[in-house]
Amino acid sequence: MRRLRAWFSRLGELFGKRRREQELSAEMDSHLQLHMDDNLRRGMSLAEARREAIMKLGGIEQTKETYRERRRLPILETLLQDFRYGLRMLWKNPGFTATAVVTLALGIGVNTTIFSIAEAFLVHPLALPKLNRLVAVTNGQKRPVAPADYFDWKLQSQLLEHLSAYRSLDMNLTGSGEPERVYGAAVTADFFQTLGVDPSEGRAFSSGEDELGHNQVVILSHGLWQRRFGADRAVLGKSVAIDGRPYAVIGVMNKNVEFPVPTDLWIPLALTPKEKTDRGAAFLHVIGQLTPGAGVSQAQAEMTLLARHLSDAYPLTNKDREAQVMPLVEFVEGSITRAYTVMMLVIVGIVLLVACANVANLQFARATSRKSEMAVRTALGAGRSRIIRQLLTESVLLSLLGGAASLLFASACLWLCVSRMPSYVMRLWAGFDKIRLNGWAFVFTFAAALVCGILAGILPALGTSKAAAGDALKGGRGATASRGVQRLRSIFVTAQVAVALVLVVGAALIIKGFREMTGSADTYAPERVLTLGVNLPVSRYPQSADQLVFYRKALDGLSSLPGVESVAAFNCYPLSNNGTSWTYFQVEGSVAPDLRHSPWADTQSITPPYLQFMRVEVQAGRGFTADDRETTQPVAIVNQKLAKLYWPKESALGKHLRIGGPDDSSPWLTVVGVAADVLYDWTSHVPAPTIYRPLTQAPLAASLLGIRTSSGPASLEPAVRGRIAAIDPDLPAFDVKPLDVAIHESTVGLGYMGAMMGILGLIALAVAVVGIYGVMAYSVGERRKEFGLRMAIGARPRDILWLAGRHGLLISATAFAIGLPSAIASARLVASLVYGTNPGDPLVFVGVPLALFLAVILAGYIPARRAMRVDPMVALRYE
Amino acid sequence: MGDKAADKRDVWQGTLALMVLKTLEAMGPLHGYGIARRIEQTSGDLLAVNYGTLYPALLKLEQEGYISSEWGFSDNNRKAKYYKLTRAGRKQLNKEEREWEQTTAILARFLAPGEERS
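Residues numbered from 1 in each chain as written. Chains lettered and ligands numbered in written order. Predicted model: local features only at pLDDT ≥ 70, side-chain atom pairs only at ≥ 80, totals over all residues.

1. Remarks on the overall build of chain B
Alright, step 1. Across its full length, chain B carries four helices and three strands.
Alright, step 2. Its helices and strands taken in sequence order, chain B reads α-β-α-α-β-β-α from the N to the C terminus.
Alright, step 3. Counting all 118 residues of chain B, 28% fall into the buried class.
Alright, step 4. A fraction of 47% describes how many contacts in chain B between residues 6 or more apart in sequence connect residues 24 or more apart. (Helix = DSSP H or I, 4+ residues; strand = E, 2+ residues; numbered from the N terminus. Buried ≥ 20, exposed ≤ 12 C-beta atoms within 10 Å, placed from the backbone. Contact = placed C-beta atoms within 7 Å.)

2. Side note on the overall build of chain A
Alright, step 1. Of the regular secondary structure elements, chain A holds 28 helices and 21 strands.
Alright, step 2. Counting over 879 residues, chain A shows a buried share of 41%.

3. Focus on the pairing of strand β2 (residues 160-174) of chain A
All names here are of chain A.
Alright, step 1. Note: β2 against strand β9 (residues 285-290), five bridges, orientation antiparallel. Across the sheet, residue Y166 finds its bridge partner in β9, namely H285.
Alright, step 2. Strand direction decides the pairing type here: β2 and strand β3 (residues 180-187), joined by eight bridges, are antiparallel. Paired with L169 across the bridge in β3 is G184.
Alright, step 3. Relative to strand β6 (residues 239-242), β2 is paired through two bridges, and the arrangement is antiparallel. Within β6, the residue paired with L173 across the bridge is I242. (Pairing = 2+ DSSP bridges.)

4. Some points on the pairing of strand β13 (residues 581-587) of chain A
All names here are of chain A.
Alright, step 1. Bridge analysis of β13 against strand β14 (residues 600-606) gives four bridges, and the strand direction is antiparallel. By the bridge assignment for β14, S581 is matched with T603.
Alright, step 2. Here β13 runs beside strand β17 (residues 656-659); their pairing, made up of three bridges, is antiparallel. Counted as the bridge partner of Q586 is R658 from β17.

5. Focus on the confidence of the model for chain B
All names here are of chain B.
Alright, step 1. On average, residues of chain B carry a pLDDT of 78, and 79% of them reach 70 or more.
Alright, step 2. Contacts of residues 1-11 to residues separated by more than four positions or lying in other chains number one contact, the stretch itself having pLDDT below 50.
Alright, step 3. For this predicted complex, the interface confidence score (ipTM) comes to 0.80, while the overall pTM stands at 0.70. (pLDDT = per-residue confidence, 0-100.)

6. With respect to the sheet that holds strand β3 (residues 79-85) of chain B
Alright, step 1. Read from one edge of the open sheet, three strands run β1-β3-β2 (chain B), paired in antiparallel fashion. Each end of this open sheet is capped by a strand with a single partner; those strands are β1 (30-31) and β2 (67-73) of chain B.

7. Here's the deal with helix α27 (residues 842-868) of chain A
Residue and element names in this part refer to chain A.
Alright, step 1. Between its first and last C-alpha, α27 extends 38 Å over 27 residues, near the 39 Å set by a 1.5 Å rise per residue.
Alright, step 2. Of all the bends in α27, the greatest, near 30 degrees, is centred on Y861, and the proline P863 appears no more than four residues after it.
Alright, step 3. Of the residues making up α27, those classed as buried are V844, V848, L852, V856, A859, G860, P863, A864, A867 and M868. (Expected span 1.5 Å × (residues − 1). Bend = angle between axes of the 7 residues up to and from the residue.)

8. Regarding the packing of helix α6 (residues 94-123) of chain A against helix α16 (residues 384-420) of chain A
Residue and element names in this part refer to chain A.
Alright, step 1. Look at α6 against α16: their axes get within 6 Å of each other, and the N-to-C directions meet at 45 degrees. As the angle between them shows, α6 and α16 are arranged oblique. As α6 runs across α16, the sense of the crossing is right-handed.
Alright, step 2. Looking at the contact of α6 with α16, its residues break down into 16 nonpolar, nine polar and no charged. (Axes fitted to C-alpha atoms, helices over the stretch in contact; angles between N-to-C directions. Parallel < 35°, antiparallel > 145°, perpendicular 65-115°, else oblique. Left-handed = near helix turned anticlockwise from the far one by under 90°. Nonpolar A, V, L, I, M, F, W, Y, C, P; charged D, E, K, R; others polar.)

9. Considering the packing of helix α26 (residues 797-833) of chain A against α27 of chain A
All names here are of chain A.
Alright, step 1. As a packed pair, α26 and α27 sit with axes 9 Å apart at the nearest point and diverge in direction by 155 degrees. Our classification of the angle between α26 and α27 gives roughly antiparallel. Judged by the sense of rotation from one axis to the other, the crossing of α26 with α27 is right-handed. Of the residues in α27, those in contact with P797, I800, L801, A804, G805, G808, S812, F816 and L820 of α26 are P849, F853, V856, I857, G860, Y861, A864, R865, A867 and M868.
Alright, step 2. A per-class count over the contact of α26 with α27 returns 14 nonpolar, four polar and one charged.

10. Focus on the interface of chain A and chain B
Alright, step 1. In this complex, chain A contributes 23 residues to the contact, which on the side of chain B involves 20 residues.
Alright, step 2. Contributing elements (two or more residues each) for the side of chain A that touches chain B: α1 (2-12), α2 (17-41), α3 (46-57) and α4 (60-71) of chain A.
Alright, step 3. Split by residue class, the side of chain A that touches chain B holds four nonpolar, 11 polar and eight charged.

11. Regarding the nonpolar core
All names here are of chain A.
Alright, step 1. Of all hydrophobic cores here, the largest spans 160 residues; its most connected members are A500, V504, L760 and A764.
Alright, step 2. Considering every element that reaches this core, the biggest residue donor is helix α19 (residues 483-520), with 18 residues.
Alright, step 3. Ignoring sequence-local partners within four residues, the contact set of L760 consists of V110, I347, V348, V351, L503 and A507.
Alright, step 4. With 62 residues, the next largest nonpolar core counts L536, Y541, V616 and I707 among its residues. (Core = buried A, V, L, I, M, F, W, Y, C linked by C-beta atoms within 7 Å.)

Here you go:
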């Protein structure tokens with residue numbers, strides 16, 4: 001208490017300084033007077049009395065100084081002093097300050113950007129109040145759960161409350177306006193209780209509404225309510241048609257809640273009695289709340305036990321089936337989001353270190369020119385710690401300025417990130433709409449700036465203060481930086497160049513890979529293709545014959561549009577990222593022993609013109625024709641990859657394969673053609689084995705339709721919707737867009753990676769070039785006299801150039817010796833994370849280092865050439 | 001500013017503070033010079049107080065609220081700053097006196113037999 005009081009009193013003394021000073025002087029005077037009076041009384045002379053009094057006091061100034069130290073808070077005082085002084089010094093060196101601040105602003109800014117993104121993706125991607133208490137329970141690997149297992153868990157788990165289940169379904173919403181394909185979720189009645197949220201309008205599901213017969217109710221998402229119903233409250237109680245069935249609107253969900261991501265509407269999950277007892281078909285996602293006090297690991301232990309009981313009780317279906325508990329945050333994050341985000345965090349961290357090294361180097365350089373200032377300060381009694389503190393304060397000040405500027409840079413970056421992302425893609429990405437500079441980002445930036453300031457300042461401060469203590473006032477004579485400092489700076493620059501090399505190579509690999517991949521799309525001439533999706537609801541298209549009728553009508557309708565060259569139906573376009581569907585299959589003559597050892601392939605159900613439509617070459621055999629009907633011999637076309645894998649030595653034509661596991665009894669398909677490989681899912685690096693089947697023999701409820709036109713197809717969109725509506729007015733055509741747009745949207749995340757890597761690489765490169773230039777310029781500046789002297793005694797300019805440039809060459813060579821192997825190693829890492837990257841790209845591994853080397857040599861050559869031009873007379877006159 | 005010097009001064013200041021408080025209790029309001037003289041005299045001139053160290057100690061006590069100060073005039077009409085004990089100071093003095101007595105008693109017990117043995 002008393003200490004605090006004293007502290008406050010001292011804090012108060014920071015103000016009203018002058019009055020206190022006067023009072024102190026008066027007290028000292030009065031003390032001396034009183035003492036002198038005494039002394040005079042004892043018979044001393046006036047001079048003697050005064051001398052004795054001062055001596056006894058121990059010196060007036062010393063006393064005052066110790067008094068002052070006690071009076072105020074010296075640390076804070078000097079800190080303020082240092083700050084003021086530091087600001088003045090920075091102000092006086094605008095060039096230095098600007099370079100350092102910009103370097104730091106870029107370095108910290110990219111970190112703040114990635115931090116904000118990482119925070120949104122990995123920490124709170126969902127705006128749910130109890131997010132950190134929510135978990136998902138899966139069968140491992142985020143696999144869905146069978147209904148009967150879910151009901152058993154719900155009954156038996158003690159540590160998980162409100163265990164609820166949902167499944168995501170695409171639904172057709174009709175009634176009041178155009179039919180629309182929406183993201184739907186069928187959820188158990190207590191689903192919103194689990195999430196801990198309430199509808200903003202109306203009510204949530206009540207128990208019993210997730211039973212058949214009571215389940216015709218729907219809750220709209222805020223977004224859908226605004227978009228489709230004009231945020232009209234009157235919609236409550238009204239009926240909308242979902243997949244042809246009427247549902248009463250009972251609520252509108254709170255604005256920020258969209259779980260699962262994305263969701264337009266929620267309906268009750270009403271399972272049939274048969275489904276409820278099914279342990280075979282797993283299609284439910286299960287979420288729950290940890291009971292107070294329970295952690296994920298305890299819940300996991302409990303669920304493991306329950307899973308084991310089920311495994312014992314139902315070995316036929318549940319043998320070795322696990323139950324994995326994971327935080328909901330982890331559950332919703334994209335499969336590659338964490339790896340990408342962490343990779344970016346590491347990279348920006350490295351960029352920041354490079355920036356710090358650069359600022360440290362700048363400070364070393366400046367320290368050389370501030371040598372005499374430091375010497376004077378030392379001579380006037382500044383201790384080493386005082387000088388270190390001063391220099392550190394300046395460095396921190398510098399980085400705080402950089403940090404402030406970085407916030408501007410970061411907000412610009414974030415704005416770019418969010419504004420360039422197609423809103424449709426953004427919705428699919430948990431957390432993307434939560435990206436912003438929030439309080440944490442500010443705290444992070446401030447902390448990063450502080451750390452940077454200390455990191456960048458500590459070595460220069462130590463070095464400078466040591467030099468100051470040694471050299472004192474010797475002045476400019478022989479003023480080269482100490483060898484240790486010089487070596488340190490060279491190490492910094494070497495590291496910078498090496499890191500820049502690694503980053504630029506990485507960036508070039510990613511960008512080139514991305515460009516090649518999207519460039520490969522050109523072979524499909526995607527800008528002249530319009531695709532649209534349809535999803536035929538079982539309620540109105542129960543039989544595959546019904547579906548085929550629809551497809552035939554739709555394709556006929558579309559082909560009669562003006563400018564249309566050809567039309568086709570298929571399930572997935574090239575370079576998509578989630579559209580492929582795959583299946584196990586069996587090869588005649590080598591049927592796998594069990595499902596786990598069965599081969600698998602992507603499947604596509606296509607209409608005969610498809611291969612030609614998408615410019616896929618038929619390499620052997622034939623394409624499908626109109627004669628491949630429901631009733632004719634079942635046929636298949638395989639891609640080259642599959643053919644090579646399973647019939648490596650002979651022709652695949654005429655061979656037989658069968659869709660499904662070893663025990664399935666689907667008919668044998670005869671291979672009638674081999675098609676060229678197509679990369680349908682870019683996230684799989686390479687084309688997957690693919691089996692094409694005629695749509696007539698393998699009809700699907702969900703399909704893509706495509707039209708190839710002679711000119712830009714976007715203008716045909718209304719006409720396309722019209723044709724579909726003419727066949728079925730309640731069926732929405734969704735994702736109606738040109739194929740090039742669709743491909744762009746599916747690869748945009750990778751494009752982001754490429755762009756960010758490019759920016760980071762450029763920053764690192766610029767920083768490294770500036771760094772090497774700075775070091776060379778200063779070392780040349782410091783050695784002017786030496787060069788002058790050498791020239792005076794007959795050295796040729798060429799010798800001087802070599803002398804000056806040698807250092808730069810050494811630095812570059814060392815940096816490349818370290819950087820190139822690291823780049824090769826990290827390229828493998830990058831390639832394993834970033835799709836489409838070729839870690840052995842010769843062009844990148846020769847071209848980029850060469851360009852970098854030239855840049856670095858040039859940056860070093862300019863100052864070295866200056867050394868060559870030193871006028872011996874001028875240089876020597878400095879002495 | 002060295003650490004060792006600070007340690008020594010703190011120890012000294014600890015006892016010095018006690019002496020100042022005791023002096024003020026015995027003498028009533030007194031100026032800095034008077035306090036210094038009084039401590040010197042009481043100690044039988046064994047303690048040669050560097051008067052300069054007294055003032056930071058006085059300031060510390062004032063900051064902690066144990067003493068208060070105001071300007072006044074000395075007997076021979078010199079302007080001087082007078083310090084006097086506050087209520088908190090009196091309490092603190094009692095406490096410190098007790099502690100000091102305990103410490104010295106303990107130390108005395110330690111030292112006495114030691115002397116006999118040697």
